[in-house]
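Coordinates in review
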Amino acid sequence: MSANKIWGGRFEKGPASIMEDINVSIDFDKRLAEQDLAGSEAHAAMLAKTGILEKTDSDAIAEGLATIRAELAHGKFPFRREFEDIHMNVEARLTELIGEAAGRLHTARSRNDQVATDFRLWVREACGRIRAGLTALQTALVVLAEKHADVIMPGFTHMQPAQPVTFGHHCLAYVEMAERDKGRFADAQKRMNESPLGAAALAGTPFPIDRTMTAKALGFSGPMRNSLDAVSARDFALEFLADAAICSVHLSRLAEEIVLWSSPAYGFIRLSDAFSTGSSIMPQKRNPDAAELVRAKVGRVLGAFVGLLTVVKGLPLAYAKDLQEDKEPVFAAADALDLSLAALSGMLGDLTINPAAMMRAAEKGYPTATDLADWLVKNLKMPFRDAHSVAAKAVAKAESLNVGLKDVPLAELQSVEPRITKDVFAVLSLESSVAARTSFGGTAPSRVKEQIAHWKGQLP
């Protein structure tokens, strides 16, 4: 095996075959092809403008890169493992197309700043794509919330019936989570939007380059200020993975509720055939596999985050080959998150709500006990702790009679607290309980509809 022609001038013999297997990254970093072309085009244009590159060479390079872009678009680009990575593959193909001029493209740059630039561009685009996916999810949730703003369902704490809420209110909780997720990705985009290009291997370059020009051409806010940091920093990828981990946990929580709600034990929703599967042995089964897989994919994203943290945690400055291990976890996490967002948006847009089942479930567990306590505070001027005790005794009375709290006879309630009047029954229904929660952010349908209007105005 001969030494690599691009970097092998120092070596008399080529690497062992196992070295090729561990060293080659083209199998996965070919996903950076478009970003690599964009960086090369910006670099070549800058070299030409600063006089480092002659016009004839810059024109040839521009034409060759355009040809490579067309080959990539039509699936005709010859990816070859012998050239290790996307950067060498592009350069080798450019050499085949235009000859000696291709070798001048690498003037005043290194694969170190080249890959850092490509990767930032890719992660920046992934942030934007995921934000768009989150917006689609929010839109699906708002549509559901608007259709079912008045539908009553049980609200749980500790997975026990707590207080009644509306289904619309429940949907909007996830809209809020998604908005914070979008904000995190937007913040990450802003922080990573500095260009490493021109940092070269680690120390900068003696050529009179214009890093501001290349940064602007690639949509960066400006060049990174320290060449060592520029080639070695991967916190932008870690921040992306941290944001992706939080986001995927939110999606997993929603997916878990879809799994629960679609089960016969709950019966709150019915998933369409498009998002259900059957059993190989039990013909009656309707399995929420898509939701279960969304719930599971959080493992990939969390694993990617921890994996890359582990890679980076002991690296001295500047570049080390360890950083080749940064791309696969980021690609895997982004793919998992993109797919999860699309699957959840599809499920939410296609499911059917069962309001009657939700209402039946909401009636269990004496969910208006707090309303009774609040009535005692408002009307009898009791301290809340005393009112809490009276309401608990009223629940015990209802349990002994095997009836709901609103069906306990007035005389029985008065045996617990003699000052209770028949007016108390006005607050003990599920409808009155929900309607009374009118504080900002509350579950009252009037408040839910206000929030729906807000989100309809915010979302494109």
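Residues numbered from 1 in each chain as written. Predicted model: local features only at pLDDT ≥ 70, side-chain atom pairs only at ≥ 80, totals over all residues. Heavy atoms only, no water.

A few words now on the overall build of the chain. Looking only at helices and strands, one finds 18 helices and 4 strands in the chain. Seen through its C-alpha atoms, the chain measures out along the principal axes to roughly 100 × 55 × 40 Å. When each of the 460 residues of the chain is scored for burial, the buried share is 47%. Element-wise, carbon and sulfur atoms account for 55% of the exposed surface of the chain, whose accessible area totals about 22,100 Å². Distance from the positive charge centre (53 side chains) to the negative charge centre (57 side chains) of the chain: 4 Å. (Helix = DSSP H or I, 4+ residues; strand = E, 2+ residues; numbered from the N terminus. Buried < 20%, exposed > 50% of the residue type's maximum accessible area, 1.4 Å probe, protein only. Areas by Shrake-Rupley, 256 points an atom, 1.4 Å probe, with all protein chains shown as cover. Lys, Arg positive; Asp, Glu negative; His and termini not counted. Charge placed at Lys NZ, Arg CZ, Asp CG, Glu CD.)

This brings us to the pattern of salt bridges. For the coordinates displayed, the defined rule picks out 28 salt bridges. Note that glutamate 96 and arginine 93 form a salt bridge whose closest N and O atoms lie 3.0 Å from each other. One end of the pair, glutamate 96, and the other, arginine 93, are both in helix 5 (residues 86-98), 3 residues apart, so they sit about a helical turn from each other. Owing to a relative accessible area of 44%, glutamate 96 belongs among the partly exposed residues under this scheme. Using a relative accessible area of 18% as the deciding quantity, one classes arginine 93 as buried. Where glutamate 100 meets arginine 104, a salt bridge forms, and the shortest distance between an N and an O atom there is 3.3 Å. Residues participating in the shared-partner salt-bridge network are Glu71, Arg80, Arg93 and Glu96. (Salt bridge = Lys/Arg side-chain N within 4 Å of Asp/Glu carboxyl O.)

This part is about the state of the cysteines. Within the structure shown, the criterion is met by 0 disulfides. No disulfide involves cysteine 171; its sulfur sits 17 Å from that of cysteine 247, the nearest cysteine. Overall, the relative accessible area of 4% leaves cysteine 171 in the buried class. Cysteine 127 supplies the cysteine sulfur nearest to cysteine 247, a cysteine that is in no disulfide, at a spacing of 11 Å. (Disulfide = S-S within 2.5 Å.)

In this sheet, strand 2 (residues 160-166) lies alongside strand 1 (residues 152-157) in antiparallel orientation, the contact comprising 6 bridges. From the neighbouring strand, isoleucine 152 faces strand 2, where its bridge partner is threonine 166. (Pairing = 2+ DSSP bridges.)

Counting across every chain of the model gives 8 aromatic pairs. Ring pairing ties together the aromatic residues Phe119, Trp122, Phe236 and Phe331, which thus form one cluster. Over the ring of phenylalanine 79 we find lysine 30, and its NZ or CZ is 5.5 Å from the ring centre. (Phe/Tyr/Trp six-rings, centres within 6.5 Å; stacked < 30°, edge-to-face > 60°. Lys NZ or Arg CZ within 6 Å of the ring centre and 35° of its normal.)

Among the structural elements, phenylalanine 28 can be located in helix 2 (residues 26-29). Taking C-alpha positions, phenylalanine 28 is 6.8 Å from glutamate 328, a pair spaced 300 residues apart along the chain. Not counting residues within four places of it along the chain, the set of residues in contact with phenylalanine 28 comprises Gln324, Lys327, Glu328 and Phe331. (Contact = heavy atoms within 4.5 Å.)

This part takes up the packing of helix 6 (residues 111-147) against helix 7 (residues 167-192). It is the contact of helix 6 with helix 7, at a shortest axis distance of 9 Å, that shows an interaxial angle of 165 degrees. It follows that helix 6 is roughly antiparallel to helix 7 by the angle criterion. Relative to helix 7, the crossing made by helix 6 is left-handed. Split into classes, the residues belonging to the contact of helix 6 with helix 7 amount to 18 nonpolar, 5 polar and 7 charged. (Axes fitted to C-alpha atoms, helices over the stretch in contact; angles between N-to-C directions. Parallel < 35°, antiparallel > 145°, perpendicular 65-115°, else oblique. Left-handed = near helix turned anticlockwise from the far one by under 90°. Nonpolar A, V, L, I, M, F, W, Y, C, P; charged D, E, K, R; others polar.)

Let's shift gears to the side chain of asparagine 112. Secondary-structure assignment places asparagine 112 in helix 6. Apart from residues no more than four positions distant in its own chain, asparagine 112 is found in contact with Ala200, Ala201, Val231 and Tyr319.

The next point concerns unusual backbone geometry. The peptide bond linking leucine 317 to alanine 318 adopts the cis configuration, its omega dihedral lying at 10 degrees. Mapped onto the elements, alanine 318 comes out in the loop between helix 11 (289-312) and helix 12 (327-348). In the Ramachandran plot, methionine 159 falls in the positive-phi region, its phi being about 60 degrees despite a non-glycine side chain. Positionally, methionine 159 belongs in the loop between strand 1 and strand 2. Residue class for methionine 159 comes out partly exposed when judged on its relative accessible area of 48%.

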